[in-house]
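Chains, contacts and geometry: an overview
Next come the chains, spelled out residue by residue.
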Amino acid sequence: MFAYQEDGRYFAHVARGLEEPAKAELEELGARDVEIADSGIHFRHDAAGLYRVNYGSRLVSRVLAPLASFSCFSEQALYDAARAVPWEDLLSLERTFAVFANVRESRITHSQFAALRVKDAIADRFRDRCGRRPDVDPESPDVWIHLSIRSDRAVVSLDTSNGSLHRRGYRKQTVAAPLQETLAAALVRLSGWQGERPLVDPMCGSGTILAEAYMQYCRIPPAFKRERFGFEVMPGFDARAWEEVRREYDAARRALPEGLIRGSDLDRRSVAAARENLREIPGTRGVAVERKDFRDLPGIPGATIVCNPPYGVRVGEARDARRLYGEFGDFLKQRCPGSTAYVLCNSQELAKAVGLKPSRRFVLFNGPLECRLLKIEIF
Ligand SMILES: C[S@@+](CC[C@H](N)C(=O)[O-])C[C@H]1O[C@@H](n2cnc3c(N)ncnc32)[C@H](O)[C@@H]1O
């Protein structure tokens, strides 16, 4: 029996900074005993709930089903314990697999090496029992095994998402510094926008914020393009319950009122990328994207403005970025009365350059970069 079958607990990976909104989202999706931990969130759910979280969570990066946990003070202990796991209940000779590892503060120090030992343990167990072993496919395996070792304690899990959920599949074109989809979804969620007034991104780049806002409003499941999930290989997988979850989501969809979501960018290639990406999502014809410098826009009154202006992290760009943030602050003040802006920026200095006092700041991480999402109310 696997560990998750005994205690019904799963573990959701979430990006740093997204723990609180992701916890709230998991609770909305019906999860129980939701507890924030190091680099993720523990929760309990039934089988249909696990499918619902994978299909419908906008902020979670992946959901792991723990298979076994054990002390591992040495490479041999890791190999022996991994070999004792009943892998044949999950894998078969027809399914490819791969092992990904993350090791911290332990006697075993190399993640790749640890992954290799678990892979060997699986292969040897199969060879003993069937004379052959399943193939490894590190690019696109049918079964993703995740190994985590912290303080000499190992947990091997099945990735029930089959790869990171931030890969929604609509982003065919990218431009410099696109936001990860889960982070863009978090910006929209943190803005509290529910469709009561327009949502505008005047520096939309490849359109990630627009796409996530659209899917939230229209209730399109973020994983609607995903072809397979890891939970489909779990023993006792309930195909009917999964079908029912998809039916529920399909029934809940709604159309976008004209003009409710729009974006612009001064860069021609960004505008083309945003349009192409949005076309990947059904029903987005109503999302207008135009090529425009925000300084030439007549104004954005009475709206929710969500954007991440360029960071200017490279040498020589810092001064330009300060000027741009200053001009954006002026634009908000002079031409956006009654709007609330949510601006993601990565330094104190740029936050100050906006020249408007935020009523709230959220600490978020864009990859390794610590950022602030500033909430600015314009009167
Ligand atoms: C960090 S990127 C935004 C990335 C976007 N959120 C995404 O996920 O692809 C910043 C964008 O601001 C745009 N930009 C810079 N200055 C601008 C201006 N004055 N007016 C409009 N857009 C501008 C850039 O062309 C760039 O696409």
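Residues numbered from 1 in each chain as written. Predicted model: local features only at pLDDT ≥ 70, side-chain atom pairs only at ≥ 80, totals over all residues. Heavy atoms only, no water.

As for the sheet that holds strand 5 (residues 97-104)
Think of a sheet as strands paired side by side through backbone hydrogen bonds, with each pair either parallel or antiparallel. Read from one edge to the other, the open sheet built from 7 strands follows the order 2-3-1-4-7-6-5, with strand pairing classed as mixed. Only two strands of the sheet have a single neighbouring strand rather than two, namely strand 2 (32-37) and strand 5. The sheet shows a mean angle of 30° between the axes of neighbouring strands, direction not considered. Sheet analysis places strand 1 (residues 9-13) next to strand 3 (residues 40-44), joined by 5 bridges and oriented antiparallel. (Pairing = 2+ DSSP bridges. Helix = DSSP H or I, 4+ residues; strand = E, 2+ residues; numbered from the N terminus. Axes fitted to C-alpha atoms, helices over the stretch in contact; angles between N-to-C directions.)

Regarding the domain arrangement of the chain
Domain boundaries assigned for the chain yield domain 1 (3-159) and domain 2 (181-220 + 256-377). Here the C-alpha centre of domain 2 lies 35 Å away from the C-alpha centre of domain 1. With both chains or domains summed, domain 1 and domain 2 bury close to 980 Å², and 59% of this area falls on carbon and sulfur atoms. Sorting the residues of domain 1 by area buried against domain 2 places Arg 16, Leu 18 and Arg 58 first, and these three jointly supply 58% of that buried surface. Across the domain 1-domain 2 interface, the total number found is 1 salt bridge. (Domains from an automatic or database assignment. Buried area = accessible area lost by both parts, 1.4 Å probe. Salt bridge = Lys/Arg side-chain N within 4 Å of Asp/Glu carboxyl O.)

Quick word on the nonpolar core
Grouped together as the largest cluster of nonpolar side chains are 126 residues, with contacts concentrated most on Trp 87 and Ile 261. When residues in this core are grouped by element, the largest group, 8 residues, is from helix 7 (residues 208-218). Residue assignment places this core across two domains, with domain 1 (3-159) and domain 2 (181-220 + 256-377) each supplying three or more. The residues touching Ile 261, leaving out its near neighbours within four places in the chain, are Trp 193, Leu 199, Leu 210, Ala 213, Tyr 214, Leu 256, Gly 286, Val 287 and Ala 288. (Core = buried A, V, L, I, M, F, W, Y, C linked by side-chain atoms within 4.5 Å. Buried < 20%, exposed > 50% of the residue type's maximum accessible area, 1.4 Å probe, protein only. Contact = heavy atoms within 4.5 Å.)

Quick look at the side chain of Thr 304
Mapped onto the secondary structure, Thr 304 falls in strand 11 (residues 304-307). Given a relative accessible area of 4%, Thr 304 falls into the buried group. A polar side-chain atom of Thr 304 sits 3.4 Å from a polar atom in the side chain of Arg 197. (Polar contact = N/O pair within 3.5 Å; in protein donor to acceptor, adjacent residues only side chain to side chain.)

Brief notes about the pairing of strand 10 (residues 288-291)
Where strand 9 (residues 261-265) meets strand 10, 4 bridges bridge the pair, whose relative direction is parallel. Within strand 10, the position partnered with Asp 265 by the bridge is Arg 291. Traced from strand 9 through helix 9 (residues 268-279) to strand 10, the parallel crossover comes out right-handed. (Right-handed = clockwise from strand over helix to strand, strands pointing away.)

Structural notes on the layout of surface pockets
Its volume calculated, the largest pocket comes out at about 1000 Å³. Breaking the lining of the largest pocket down by element, the ones donating at least two residues are helix 1 (3-7), strand 1, strand 4 (62-71), strand 5, strand 6 (143-150), strand 7 (153-159), helix 6 (181-191) and strand 13 (360-366). Ranked by the residues each element gives to the lining of the largest pocket, the list is headed by strand 6, at 5 residues. Broken down by class, the residue content of the lining of the largest pocket amounts to 17 nonpolar, 15 polar and 9 charged. Lining the lining of the largest pocket are residues from two domains, each supplying at least three of them: domain 1 (3-159) and domain 2 (181-220 + 256-377). (1 Å grid on protein atoms, 1.4 Å probe; cavity = no way out; pocket = protein on both sides within 12 Å on 5 of 7 lines; lining within 4 Å. Points joined across faces, edges and corners; volume = space filled by probe spheres on them. Nonpolar A, V, L, I, M, F, W, Y, C, P; charged D, E, K, R; others polar.)

With respect to the packing of aromatic side chains
A complete count under the given rule lists 18 aromatic pairs for this structure. Ring centres 5.1 Å apart and planes at 75° place the aromatic pair Phe 294 and Phe 328 in the edge-to-face group. Taken together, the residues span a long stretch of sequence, with Phe 294 in the loop between strand 10 and strand 11 and Phe 328 in helix 10 (residues 318-335) at a distance of 34 residues. Assigned by exposure class, Phe 294 and Phe 328 land together as buried. Grouped by ring-pair contacts, the aromatic residues Tyr 51, Tyr 55, Phe 229, Phe 231, Phe 237, Trp 242 and Tyr 249 constitute a single cluster. We note Arg 16 situated over the ring of Phe 365; from NZ or CZ to the ring centre the distance is 3.9 Å. (Phe/Tyr/Trp six-rings, centres within 6.5 Å; stacked < 30°, edge-to-face > 60°. Lys NZ or Arg CZ within 6 Å of the ring centre and 35° of its normal.)

Digging into the environment of Leu 93
Note on placement: Leu 93 falls in the loop between helix 4 (75-83) and strand 5. Counting along the chain gives 40 residues from Leu 93 to Arg 133, while the straight-line C-alpha distance between them is 6.1 Å.

Here we look at the sheet that holds strand 8 (residues 199-201)
Strand order across the open sheet formed by 7 strands is 10-9-8-11-12-14-13, with mixed pairing between neighbours. Whereas interior strands pair on both sides, the edge strands pair on one side only; in this sheet they are strand 10 and strand 13. Neighbour-to-neighbour, the strand axes of this sheet turn through a mean angle of 20°, independent of strand direction. Where helix 6 meets the sheet, it contacts strand 8, strand 11, strand 12 (340-345), strand 13 and strand 14 (369-377), and its direction lies at approximately 170° from that of strand 13. Helix 10 contacts strand 11 and strand 12 of the sheet and is inclined by roughly 170° relative to strand 12.

Side note on the pairing of strand 13
Remark: a regular strand shows side chains that alternate across the two faces of the sheet. The sheet contact formed by strand 13 and strand 14 spans 7 bridges and is antiparallel. Bridging from a neighbouring strand, Arg 361 pairs with Leu 374 of strand 14. Linking strand 13 to strand 14, which pair antiparallel, is a turn of 2 residues; within it Gly 367 sits at a positive phi near 60°.

Brief notes about the environment of Ser 57
Tracing the backbone shows Ser 57 in the loop between helix 3 (47-56) and strand 4. Note on Ser 57: relative accessible area 1%, which makes it buried. Spatially, the C-alpha atom of Ser 57 lies 25 Å from that of Val 175, the residues being 118 residues apart in sequence. Beyond its immediate sequence surroundings of up to four residues, Ser 57 is in contact with Glu 25, Leu 29, Arg 52, Arg 168 and Pro 222. Within the structure, the side chain of Ser 57 is placed 3.0 Å from the backbone nitrogen of Val 60, a separation counted as a polar contact.

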